[in-house]
Amino acid sequence: EKGTYPYYMLKEIDDQPTVMRRISQEYTNTLGDAVIDEKIIEKITDSDRIYIVACGTSYNAGWVGKALLERMTHIPVEVHLSSEFGYNMPLLSEKPFFIFLSQSGETADSRQVLVQTNELGLPSLTLTNVAGSTLSREADYTLLLHAGPEIAVASTKAYTAQIAVLAVLAKAVGDNKGNQSSLDFDIAHELSVIAAVMETIIDEKMVISQLVEDYLSTTRNAFYIGRGVDYYVSMEASLKLKEISYIQAEGFAAGELKHGTIALIEEGTPVFGVITDQKTAAHTRGNLKEVESRGAHNFVIALASLAKVTDQLIIPDVYPLLSPLVSIIPTQLIAYFATLQRGYDVDKPRNLAKSVTVE
Ligand code: F6R
């Protein structure tokens, strides 16, 4: 029910702090340990490589999952688009483990991969929001996202829920292997910090609405740039913006822009820089300078410890690899307000359906 909300998307953005707390309740105990089916933990611990397979927003969440899983489990992770993987299957490792990410659990592109991995007898897990969905029934194991129904076509809370559940899974496997990086990761505490920070950003929605008017009211295109997890967030932020506001948006690895795409920067082109990673902050700032000198209208989203007073949006610090859970929130609101201001239907963008059941 969207209740007093004008659009489901806004309600679903607002739901995210609650979803983080729910995931923490469902998947951690009072000692702060991750609580996940032992069989899943054993299978992943036993594998030599994890393959994440997904489409769209779920694919973008998969990249953040890769960063978390590799840090905590020390197992290499590959992230693949379902629609490519099935027809151009890469050479698999000896003991692969497959993770399918699918909000709906019904995406045909992902299912065709699962049919093949099942034929090969390879172990699989589906992370989905829908109990009893096709991908859930056909995979060996399921972890539910507990995000509540997602109605708006543009996915928001499923993205953050997927990252949070992957973080718990990474912690569970990492702890099982006795990895220090994982033992030091207090997931329950970090998710509660995240929920509170999400609330502070959501409370600033009218500030974001005003910034969107300043930056996006007349533009036909926009860029998001970042490095590492900030690049992964840039991919998702640009998908969100383009799919509902129809502003042509691209998410770019900040360092790659100058290898061609910078040619598209004109006077007034909005460039959103995402800066949450201390290792790469200075480099991304350098890339923002490069585009600014070519006329870009820069908009910086930064964690407080890395921020400058001139940055447009400053977010309280959180656990570094979990920063996508909070840096994505302003970008969801940016997409929402850009769409509203252009007078389009936020929940039902043209040409799109909520679940894509054809290949
Ligand atoms: C974007 C969006 C789509 C879906 C994609 C996969 O906002 O909703 O890109 O993420 O179609 O859907 P699921 O996760 O249901 O497999």
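Residues numbered from 1 in each chain as written. Predicted model: local features only at pLDDT ≥ 70, side-chain atom pairs only at ≥ 80, totals over all residues. Heavy atoms only, no water.

Asks: Can you help me understand the overall build of the protein in this one?
Replies: Regarding its fold elements, the protein presents 14 helices and 10 strands. In terms of C-alpha radius of gyration, the protein reaches 20 Å, essentially the compact-globule figure of 21 Å for 359 residues. C-alpha atoms of the protein, sized along the principal axes, occupy 55 × 45 × 45 Å. Put simply, the protein has 359 residues, and 58% of those count as buried. Residue pairs in contact within the protein that sit at least 24 positions apart in sequence constitute 75% of those at least 6 positions apart. (Helix = DSSP H or I, 4+ residues; strand = E, 2+ residues; numbered from the N terminus. Rg over C-alpha atoms; globule rule 2.2 N^0.38 Å. Buried < 20%, exposed > 50% of the residue type's maximum accessible area, 1.4 Å probe, protein only. Contact = heavy atoms within 4.5 Å.)

Asks: Where do I start with the side chain of Lys-240 in this structure?
Replies: For Lys-240, the position within the fold is in helix α12 (residues 229-245). For Lys-240, a relative accessible area of 1% translates into the label buried. Within the structure, the side chain of Lys-240 is placed 3.1 Å from the side chain of Glu-243, a separation counted as a polar contact. Ignoring sequence-local partners within four residues, the contact set of Lys-240 consists of Met-9, Thr-57, Ala-154, Ser-155, Thr-156 and Ala-335. (Polar contact = N/O pair within 3.5 Å; in protein donor to acceptor, adjacent residues only side chain to side chain.)

Asks: Please clarify how the sheet that holds strand β1 (residues 49-54) should be interpreted in this entry.
Replies: Backbone hydrogen bonds are what pair the strands of a sheet, in a parallel or an antiparallel way. What the 5 strands build is an open sheet, ordered β2-β1-β3-β4-β5; its pairing is parallel. Two strands close off the open sheet at either side, each with one partner strand: β2 (77-81) and β5 (141-144). The sheet shows a mean angle of 20° between the axes of neighbouring strands, taken without regard to direction. Contacting β1, β3 (96-102) and β4 (124-128), helix α6 (residues 108-119) runs over the sheet at an angle of about 155° to β3. (Pairing = 2+ DSSP bridges. Axes fitted to C-alpha atoms, helices over the stretch in contact; angles between N-to-C directions.)

Asks: Is there a simple way to think about the nonpolar core in this case?
Replies: The nonpolar side chains of a soluble globular protein tend to be buried with one another. Core analysis: the largest hydrophobic core is formed by 97 residues, its most contacted members being Met-20, Ile-23, Ile-99, Leu-169, Leu-216, Leu-241 and Ile-334. Per element, the largest residue contribution to this core is 13 residues, and it comes from helix α8 (residues 157-176). Among all residues touching Met-20, those that are not within four sequence positions of it are Thr-160, Ala-161, Ala-164, Leu-191, Ile-194, Ala-195, Met-198 and Leu-325. If you look at the next biggest cluster of nonpolar residues, it comprises 16 residues, including Phe-223, Leu-257, Ile-262 and Ile-265. (Core = buried A, V, L, I, M, F, W, Y, C linked by side-chain atoms within 4.5 Å.)

Asks: What's the story with the site of the ligand in this structure? I'm lost.
Replies: Surveying the vicinity of the ligand reveals 13 residues, the closest of which are Ser-58, Ser-102, Ser-104, Thr-107 and Glu-243. Contact distances for the ligand include 2.6 Å between an oxygen atom and a side-chain N or O atom of Ser-58. Between the ligand and Ser-104, the relevant distance is 2.7 Å, taken from an oxygen atom to a side-chain nitrogen or oxygen of the residue. Burial of the ligand by the surrounding chains reaches 89%, relative to a free accessible area of 410 Å². Breaking the shell around the ligand down by element, the ones donating at least two residues are α4 (56-73) and α12. The element best represented in the shell around the ligand is α4, accounting for 3 residues. (Near = heavy atom within 4 Å. Areas by Shrake-Rupley, 256 points an atom, 1.4 Å probe, with all protein chains shown as cover.)

Asks: What is the right way to read the packing of α12 against helix α14 (residues 324-342) from this model?
Replies: Relative to each other, α12 and α14 sit at 20°, their axes nearing to 9 Å. By the angle between their axes, α12 is roughly parallel relative to α14. The handedness of the crossing between α12 and α14 comes out as right-handed. Two secondary-structure elements touch here, α12 through Val-229, Val-233, Glu-236, Ala-237, Lys-240, Leu-241, Ile-244 and Ser-245 and α14 through Pro-324, Ser-327, Ile-328, Thr-331, Ile-334, Ala-335, Tyr-336, Ala-338, Thr-339 and Arg-342. Here the contact of α12 with α14 is composed, by residue class, of 11 nonpolar, 4 polar and 3 charged. (Parallel < 35°, antiparallel > 145°, perpendicular 65-115°, else oblique. Left-handed = near helix turned anticlockwise from the far one by under 90°. Nonpolar A, V, L, I, M, F, W, Y, C, P; charged D, E, K, R; others polar.)

Asks: I keep staring at helix α10 (residues 187-203) and nothing clicks. Help me out?
Replies: In an α-helix there are 3.6 residues to a turn, and that puts residues three or four apart on one side. With 17 residues, α10 should cover 24 Å at 1.5 Å per step; its first-to-last C-alpha distance of 24 Å lies within 8% of that length. For α10, the full list of buried residues reads Ile-187, Ala-188, Glu-190, Leu-191, Ile-194, Ala-195, Val-197, Met-198, Ile-201 and Ile-202. Taken together, the buried residues of α10 touch α1 (8-14), α2 (16-27), α8, α11 (205-216), β10 (313-315) and α14. (Expected span 1.5 Å × (residues − 1).)

Remember, this is a structural readout, not a statement about activity or role.
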